[in-house]
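A look at the structure
The chain contents come next:
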Amino acid sequence: MSTHPQRHLHVQRSLLAAALATGLLLGATPALAQSTAATIRGQVMLDSAPATDAEVTATNLATGLRRSVRASNGAYSLGGLPPGSYRIDVSAGGRTDSREITVRVGQTATLDLGVGGVEETATAGDAETLDAVTVTAQVLVETRTSEVATYITPRQIQALPQGTRNFLAFADTVPGVQFSQGSDGSTRLRSGAQDSSAINVFIDGVGQKNYVLPGGVSGQDSTRGNPFPQAAIGEYKVITSNYKAEYDQLGSAAITAVTRSGSNEFGGSFFWDRTSTDWRKATESEAAEGRKAEFREEQYGASFEGPIIRDRLQFFIAYEAKEYISPRAVTPGQGFASTPELLPPALQPLIGSFSAPFKQDMYFGKLSWLPGDAHLVELTAKVREESELGNFDGTRARMYGSEKDNDDRRIDLRYQYSGERFLNDFHVGYEDASWRPRAFTLEPGYVLTTDNSNDVILQAGGGPDFQDKGQKGWSVQNDLTLNSFEWSGSHTIKMGVKFKDIDITSLEQNPYNAQYYYDIGQDTSIPYQVRFGAPLGEATGGLTTSGKQYGIYVQDDWEVNEHLTLNLGLRWDYETNPAYTDYVTPADYVAALRGWDNINAPGSGIRIDDYISTGSERDDFKDAWQPRLGFSYDLLGDQRHVIFGGAGRSYDRNLFSQLALETTKYSFPPYTYQFDTVGHDCDPSSPTCLAWDETWFDPAALQALVAANPNLGSERYLLDNDLKTPYSDQFSLGMRNLYGAWVTEVTLSHVTSHDGLVFHLGNRRPDGEFFAPGTTWGPPWDDAAFGVPGYGRLIIGTNGLETRANSLALKVDKPYTPASRWGMTLAYTFTDAEQNANTTSGGAFDYPDLAGFGWLASTGVPKHRLVATGIYEAPFGLTLSGKLSLASPSPRQGTNCLAGWDDCIIDYYTPDGTLGFKQFDLAAQRTWQAGERLSFYVRGDVLNVFDWVNYDGRDDWFGAPGEPNPNLGRPTSQLLPTRTFKLSMGFNW
């Protein structure tokens, strides 16, 4: 596609110059970004008065990293601390003192220090011993913050029961956050009413955002794989509201994680875990068949760390692999699950339980170099490779599935420079991620339906998939922190710039295999419709654009006094997308649209010129200003009872796979033709109505139709010329309390999201109306008379999707420490969530606009959710842990035609039952010490101890006039795991 290089030249030059100038001025090469580094701040007292000449030094007990700062009128702020245990040395008036503390990822904690007999104070938990450190240190607790955040500690990652080794699985211990595993084994993380695309995960300060596909995290769309080797994750923090201005490209939760680093001691680990068919209970469909599908899950890996030059250069490497064979249940829809004998005989063997293979390899390496006390250089690299057979279950037979490769490679170089009053981070990185599904079977697809082509009973033969989507490019960012700036209190000011040059690709040939539709009420050997794809000329159905991303922010954390802290931030982001802004609607299509009376009639509700582009009507969105305001008020000034709250705006992004549809659907359009068969008469005079003949099974015959008229029957997409970037507004108010080692928190929050991209049907009747006269439902979907003359179906994309959620969150946390030998967490969330359309994928085709839907209960968001965990270190090297997850049934949506075919509505219901999801997991580990630094362990996890049955898909058809569907709400697919035992073993040294 051609581009106009002058369009954004001024903005690009100005922002890139600012980024480079900041990097060159402040220190030019990279380190831990501010979202992972911890900060400790407080007062230094000398003989009960603020020390005027105090110096505070933090020394990492594992790596030797040192950070020093001089106090100003007794106040100090020491930033840039990688999570871990430190010795804090303070000197003032010729006297010294020291203590040992542990800080968490991205933490800002208060630690008041004293010399000369002055008592030191800190909000701290019990002592904790880290694996790489033999000393015991106090764990600082963060209470004076407006962030609604929860820390996932190394001990929780190590001890709590789990089946996937996906480090994000522990995020569901946070109120309002759900980590779910679908019936196909794919995992998703979401927060509030928004879907998983609204999250962002930052690893060592680097955003892992997926620019092309849903899922939020790069590579996490429809996969059983993990985004990162768990052995390489040190700890992480989940922020659900009131995040600061440094966080970008998100609309719901921000997850910031830090990777493990090498230390001054050689060490390593090895693990292996396994479960198989005989170690799990059968699913309901397997029990009905009397056999279990083959099932095997193996996970194994190793890590190694140590010094290259003691106190100066260390390394850490990790490898993890997953080999799965997972069961899938193929179940016919539309009520035929209970009467499979009514299906055509050739399809009946395709129903039941089958196995799906999966393989993943992940590698991670890190070098940490300390050339001097003020410097830290880190080089990290990650490689992820996976392949699988998936996308089959429910109504999709195994042969209809997809083979898929999913790869991700990232390299990051960071340099951190710590000055007397400032900390500078400069970061440069490279990424290359690709996602490539393709049809498992290369033959025509067989789609069995009722008399409505949307009511699918079973899909067999060759599936429609053929895609190649990904992102590749480099980035540079610089973050500067000014410590202990004094003016009406103490200020910590952060500011940063970011530039990213990224090539984004979306290739989609869909349907790759022709799809033939059959009506179960007629002759199931003769199709009534065919849908197929074909390239136009030399086109491939692919599009690559080179986008530029710019970001700038400033954040002031203002400690006004011992009670009040204000967090004041402002962020602005800008992104170029030449594929969208420079797009030119083909002239022949423009002529057809402007000459189409249906769309130009007053009743159409569409101003077609808003969607026609000559390459000059569109601009990149420039108004992404994001204020982030928060406060915390310490009632007694002792960090034990804190009221907090905030309000802020955050912009996410439009997925490129959707923005590319204008081009990909034009260069490789899908075509739909009707066959004039019994029960599916079509007008023989219509050019898309064909008399049935066996030759239509021949791909060459279909290609000849396209060659004769490349546009006839083809589906086209048009985007609004004034697309905006989706965003969310967040408001919260809460209170945090510290009772000894216990932390409690209650939060009220209100989150609304706006301007989500939504697609509508552009087809219209001759009078411009969407519905037939006297009706309120039934879009003009497949009738060629209602499509663009000489073409086919029209889909238009514009802004409009919205969600809103009101939540009450309760949290109780007693961290595990070796001193107490136990820990527990409890998270309860009440959520009232709504959305203005029955879609999570962007398609809203049942009404001419979103006003027809009204506000519907958000699917997949339970009103009540409770997650409780516990860890207990018993005698004789035995560690016990458990996790209980309970949720009320989530609302579901479907089509309700009970009032009449002309009065069908999008309706929703809540499945019967007090609980919609329940699972209780247990783990027990026995460790034997074989020496001072060598230990062996054996561990058993029992997932879903009580074999509670949870469901994924259900029959959502309410019924036809006078014929209520007796199977409404009937399950069609079961969630895993059933009760499963997993054996693990390994060693640490």
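This structure is a prediction, so every number in the text was calculated from the model and none was measured.

Within the chain one finds nine helices and 52 strands. Along the three orthogonal principal directions, the C-alpha set of the chain runs to about 100 × 65 × 50 Å. In the chain, which comprises 989 residues, the share counted as buried stands at 61%. Sequence-distant contacts in the chain: of pairs separated by 6 or more residues, those separated by 24 or more amount to 73%.

Let's shift gears to the sheet that holds strand E31 (residues 529-533). Read from one edge to the other, the open sheet built from six strands follows the order E27-E26-E30-E31-E36-E37, with strand pairing classed as mixed. Lying at the two open borders of the sheet, with one neighbouring strand each, are strand E27 (456-461) and strand E37 (689-690). Here strand E26 (residues 445-449) runs beside E27; their pairing, made up of five bridges, is antiparallel. Note that in E27 the partner of Tyr 446 across the bridge is Ala 460. Sheet strands touched by helix H9 (residues 699-708): strand E30 (515-519), E31, strand E36 (670-675) and E37. Its angle to E31, the strand with the most contacts, is close to 75 degrees.

Moving on to the packing of aromatic side chains. Taken as a whole and assessed by the stated rule, the structure comprises 41 aromatic pairs. Ring centres of Phe 936 and Phe 987 lie 6.2 Å apart, and the angle between their planes is 55 degrees; this geometry places the pair in the tilted category. Linking Phe 936 in strand E49 (residues 935-943) with Phe 987 in strand E52 (residues 980-988), this pair joins segments that are 51 residues apart in sequence. Given a relative accessible area of 29%, Phe 987 falls into the partly exposed group. Taken together, the aromatic side chains of Trp 474, Phe 499, Tyr 550, Trp 572, Tyr 574 and Trp 625 make up a single cluster linked through ring pairs. Over the ring of Tyr 816 we find Arg 155, and its NZ or CZ is 4.8 Å from the ring centre. The ring centre of Phe 786 lies 4.8 Å from the NZ or CZ of Arg 765, which sits over that ring.

The residue after Asn 510, namely Pro 511, is reached through a cis peptide bond having omega 5 degrees. Mapped onto the fold, Pro 511 is located in the loop between strand E29 (490-508) and E30. The amide bond that connects Leu 976 to the next residue, Pro 977, takes the cis arrangement and shows omega of 10 degrees. Topologically, Pro 977 is positioned in the loop between strand E51 (963-964) and E52. Even without being a glycine, Arg 165 presents a positive backbone phi close to 55 degrees. Looking at the element boundaries, Arg 165 is found in the loop between helix H2 (154-159) and strand E13 (177-181). We note that Gln 639 has phi near 70 degrees; this positive angle belongs to a residue other than glycine.

With that out of the way, let us pick up the pairing of E27. Within E27, six of the six residues are buried, leaving the element largely enclosed by the surrounding structure. Between E26 and E27, which pair antiparallel one after the other, the connecting turn spans six residues.

One can find Thr 829 in strand E42 (residues 822-835). At 2.8 Å, the side chain of Thr 829 and the backbone nitrogen of Gly 176 are in polar contact. Not counting the four nearest positions on each side in its chain, Thr 829 is found in contact with Pro 175, Gly 176, Leu 808, Lys 863, His 864 and Arg 865.

Note that an α-helix has 3.6 residues per turn; residues three or four places apart therefore point the same way. For helix H5 (residues 587-594), every residue scored as buried is listed here: Tyr 589, Val 590, Ala 592 and Leu 593. Seen along its axis, H5 keeps its buried residues to an arc of 165 degrees; they face one direction. Residues of H5 that are exposed and point over 90 degrees away from its buried face: Ala 587 and Ala 591. Of the surrounding elements, those touching the buried residues of H5 are helix H6 (597-600), helix H8 (661-667), strand E38 (716-719) and strand E41 (794-814).

Residue position: Thr 672 is located in strand E36. Thr 672 sits in the buried class, given a relative accessible area of 12%. With residues near it in sequence (within four places) discarded, Thr 672 still touches Gln 529, Val 530, Arg 531, Thr 688, Gly 713, Asp 782 and Arg 793. Of note is the side chain of Thr 672, whose polar atom sits 3.4 Å from the side chain of Arg 531.

Before going further, it helps to examine the state of the cysteines. A complete count under the given rule lists one disulfide for this structure. Put simply, Cys 682 and Cys 689 are joined by a disulfide, and their sulfur atoms are 1.9 Å apart. Sign of the S-S torsion, about 70 degrees for the bond between Cys 682 and Cys 689, identifies this disulfide as right-handed.

Take the environment of Thr 677 next. Residue placement: Thr 677 occurs in the loop between E36 and E37. C-alpha of Thr 677 to C-alpha of Pro 527: the two residues are 150 residues apart in sequence and 7.9 Å apart in space. Not counting residues up to four positions away in its chain, the partners in contact with Thr 677 are Ile 526, Pro 527, Tyr 528 and Trp 692.

Attention now goes to the sheet that holds strand E15 (residues 200-203). If you walk across this open sheet you meet the five strands as E12-E17-E18-E15-E16, and the pairing is mixed. Among the strands making up the open sheet, the edge pair consists of strand E12 (148-152) and strand E16 (206-207).

A word on a negative patch on the surface. Side chains of Asp 676, Asp 681, Asp 683 and Asp 783 sit close together on the surface and give a patch of like negative charge. Mapped onto the fold, Asp 683 is located in the loop between E36 and E37. By relative accessible area, which is 46% here, Asp 683 ends up partly exposed.

It is worth spelling out H9 at this point. Looking at H9, one finds that the buried residues are Ala 701, Leu 702, Leu 705 and Val 706. One side of H9 holds all its buried residues, which, seen down the axis, span an arc of 150 degrees. When the buried face of H9 is taken as reference, the exposed residues oriented beyond 90 degrees from it are Pro 699, Ala 707 and Ala 708. Elements that come into contact with the buried residues of H9 comprise E30, E31, E36 and E37.

What counts and how
Residue positions within a chain follow its written sequence, with the count starting from 1. In keeping with the predicted nature of the model, local features appear solely for residues at pLDDT of at least 70, side-chain atom pairs appear and are counted solely at 80 or more, and the whole-chain, interface and lining totals rest on all residues. Hydrogens and water are ignored here; the side-chain numbers use all heavy atoms of the structure. Each helix corresponds to a stretch of at least 4 residues labelled H or I by DSSP, and each strand to a stretch of at least 2 residues labelled E; elements are numbered beginning at the N terminus. Summary of the burial criterion: residues with accessible area below 20% of their type's maximum are buried, those above 50% are exposed, and those between are partly exposed, where the area comes from a 1.4 Å probe applied to protein chains only. The contact criterion used throughout is that any non-hydrogen atoms of two residues lie within 4.5 Å. Pairing between two strands is assigned when DSSP locates at least 2 bridges connecting them. The convention used is that axes are lines fitted to C-alpha atoms, helices contributing only their stretch in contact, and that angles between N-to-C directions extend from 0 to 180 degrees. Centres within 6.5 Å are what make two rings of Phe, Tyr or Trp a pair, Trp counting through its six-membered ring; a difference in plane orientation under 30 degrees is then read as stacked, over 60 as edge-to-face, and the rest as tilted. Consider the ring centre and the ring normal. A charge sits over the ring if Lys NZ or Arg CZ is within 6 Å of that centre and within 35 degrees of that normal. In protein, a polar contact requires one atom able to donate a hydrogen and another able to accept it; more generally it is a pair of N or O atoms within 3.5 Å, and residues adjacent in sequence count only if both atoms are side-chain atoms. In this context, the arc is that of the directions from the helix axis out to the C-beta atoms. Only a pair of cysteine sulfur atoms within 2.5 Å counts as a disulfide in this structure description. Candidate patch residues must exceed 30% relative accessible area and have no salt bridge, after which like charges are joined if within 9 Å and Val, Leu, Ile, Met, Phe, Trp or Tyr side chains if within 5 Å. Surface accessibility follows the Shrake-Rupley procedure with a 1.4 Å probe radius. Residue values consider only the protein chains on display as shielding. For salt bridges, the criterion is a side-chain nitrogen of Lys or Arg within 4 Å of an Asp or Glu carboxyl oxygen. Charge assignment in this entry is limited to Lys and Arg as positive and Asp and Glu as negative, and neither His nor the chain termini are counted. Taken as the charge location is NZ of Lys, CZ of Arg, CG of Asp or CD of Glu.

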